[in-house]
Amino acid sequence: MNYNCLIIDDEKVLADSTAEYFNLFGVNSAVAYGADDCRRFLKKNAAQLILLDINLGDGSGFGLCKELRETTNVPILFISARTSDDDKIIALNIGGDDYVQKPYSLGVLLAKVKAVLKRYGGSPQTAYTDGYLTVNFAEKQAYVGGNAVKLTALEFRLLAYLIENKGRVIPKNELFCKVWEDKFTGDGTLNVHVRKLREAIEKNANAPEYIVTVWGDGYKFVGRNE
């Protein structure tokens, strides 16, 4: 069965109440109470978005995220009561797309989840290719030199937006609003995702040719002969 959202949290009462609330407002949701439960669920089901708690009774949410990224690029939103900035940086670096602080308002979380589901509905372009880099928007997959590269859902969304606007300097605030749909996203979050993209698609991430920084303004995707 295909669900809109899978909630992975060992706090059963909170997980169940969140799923119940989401289902009430049209977001078809299921619950897994730990890493093993998640593995069993995904053998028979699929989800368009995953809410993943960092602290699980049978393992780490960080470890589970790394495992999930081996087989899927669906958006993963971390939920946690931990407030360390280091946790947020780790979450983004290992493939998370956002970080939601506990305790959260169900209404606010629902709005974020709906925005993410809408955001990853697809791209109007079919593909970009230049002989070295190929990006298939329908498959949500990038290839470098013919080899598939692993990108998180948010990394792919960022790459797609840059390509759709290639040759134009895109201000950071525009990326916050159009890619994250959150004007309060910080520079640190954007920098982490740009760095991960460069490491995935550039010949040399320290001397980028595709994703160029325009100091004081933003970023620009430099397209090649197509």
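Being a predicted model, the structure only gives us computed values, none of them experimental.

### Focus on the side chain of Lys-102
Argument step 1. Here Lys-102 lies in the loop between strand S7 (98–101) and helix H5 (106–119).
Argument step 2. You can call Lys-102 buried: its relative accessible area is 10%.
Argument step 3. For Lys-102, the side chain forms a polar contact with the side chain of Glu-11, separated by 2.8 Å.
Argument step 4. Only 3.4 Å separates the side chain of Lys-102 from the side chain of Asp-53, close enough to count as a polar contact.
Argument step 5. If near-sequence neighbours (up to four positions away) are discounted, Lys-102 is found in contact with Asp-9, Glu-11, Leu-14, Asp-53, Ile-79, Ser-80 and Ala-81.

### Some details on the confidence of the model for the protein chain
Reading fine detail from the predicted coordinates is not recommended where pLDDT is low.
Argument step 1. Overall, the predicted model of the protein chain reaches an average pLDDT of 86, with 96% of residues at or above 70.
Argument step 2. The least confident element of the protein chain is helix H4 (residues 85–93), whose mean pLDDT is 76; the most confident is strand S13 (residues 211–214), at 94.

### Remarks on the packing of helix H7 (residues 172–180) against helix H8 (residues 187–201)
Argument step 1. At a closest axis distance of 11 Å, the pairing of H7 and H8 adopts a crossing angle of 75°. The angle between H7 and H8 places the two elements in the roughly perpendicular class. Every residue of H8 that contacts H7 at Lys-172, Leu-175, Phe-176 and Trp-180 is listed here: Asp-187, Thr-189, Leu-190 and His-193.
Argument step 2. Here the residues of the contact of H7 with H8 sort into four nonpolar, two polar and two charged.

### Considerations on the packing of helix H6 (residues 153–164) against H8
Argument step 1. One way to put it is that H6 packs onto H8 with a least axis distance of 10 Å and a crossing angle of 80°. As summarised for this structure, H6 and H8 are arranged roughly perpendicular, according to the angle between their axes. For the pair formed by H6 and H8, the contact residues are Leu-154, Glu-155, Leu-158, Leu-159 and Leu-162 on the first element and Leu-190, His-193, Val-194, Lys-196, Leu-197 and Ile-201 on the second.
Argument step 2. Grouping the constituent residues of the contact of H6 with H8 by class yields eight nonpolar, one polar and two charged.

### Notes on the pattern of salt bridges
Pairs can form between side chains of opposite charge once their charged atoms are near each other.
Argument step 1. One pass over the full model with this rule turns up 12 salt bridges.
Argument step 2. In this structure, Lys-102 engages Glu-11 in a salt bridge whose closest nitrogen and oxygen atoms are separated by 2.8 Å. With Lys-102 in the loop between S7 and H5 and Glu-11 in the loop between strand S1 (2–8) and helix H1 (12–24), this residue pair connects regions lying 91 residues apart in the sequence.
Argument step 3. Put simply, Lys-150 and Glu-70 hold a salt bridge, and the shortest N to O gap is 2.8 Å. Taken together, the residues Lys-150 in the loop between strand S11 (147–149) and H6 and Glu-70 in the loop between helix H3 (61–68) and strand S6 (76–80) connect sequence positions 80 residues apart.

### Observations concerning the sheet that holds strand S2 (residues 29–32)
Argument step 1. If you walk across this open sheet you meet the five strands as S2-S1-S3-S6-S7, and the pairing is parallel. Single-partner strands in this sheet number two, and they are S2 and S7. Taken over all neighbouring pairs, the strand axes of this sheet differ in orientation by 25° on average, direction set aside.
Argument step 2. As paired strands, S1 and S2 are joined by four bridges and run parallel to one another.

### Some details on the sheet that holds strand S12 (residues 170–171)
Argument step 1. On the basis of which strands lie adjacent, the open sheet formed by three strands has the order S12-S14-S13 and antiparallel pairing. Pairing within the sheet leaves two strands with one partner each, and these edge strands are S12 and S13.
Argument step 2. The pairing of S13 with strand S14 (residues 218–221) spans four bridges and is classified as antiparallel. Across the sheet, the residue bridging to Ile-211 is Phe-221, located in S14.
Argument step 3. Sheet strands in contact with H6 are S12, S13 and S14, and its direction is about 70° off that of S14.
Argument step 4. Docked against the sheet, H8 engages S13 and S14, running at close to 145° with respect to S13.

About the thresholds
Residues numbered from 1 in each chain as written. Predicted model: local features only at pLDDT ≥ 70, side-chain atom pairs only at ≥ 80, totals over all residues. Heavy atoms only, no water. Helix = DSSP H or I, 4+ residues; strand = E, 2+ residues; numbered from the N terminus. Buried < 20%, exposed > 50% of the residue type's maximum accessible area, 1.4 Å probe, protein only. Polar contact = N/O pair within 3.5 Å; in protein donor to acceptor, adjacent residues only side chain to side chain. Contact = heavy atoms within 4.5 Å. pLDDT = per-residue confidence, 0-100. Axes fitted to C-alpha atoms, helices over the stretch in contact; angles between N-to-C directions. Parallel < 35°, antiparallel > 145°, perpendicular 65-115°, else oblique. Nonpolar A, V, L, I, M, F, W, Y, C, P; charged D, E, K, R; others polar. Salt bridge = Lys/Arg side-chain N within 4 Å of Asp/Glu carboxyl O. Pairing = 2+ DSSP bridges.

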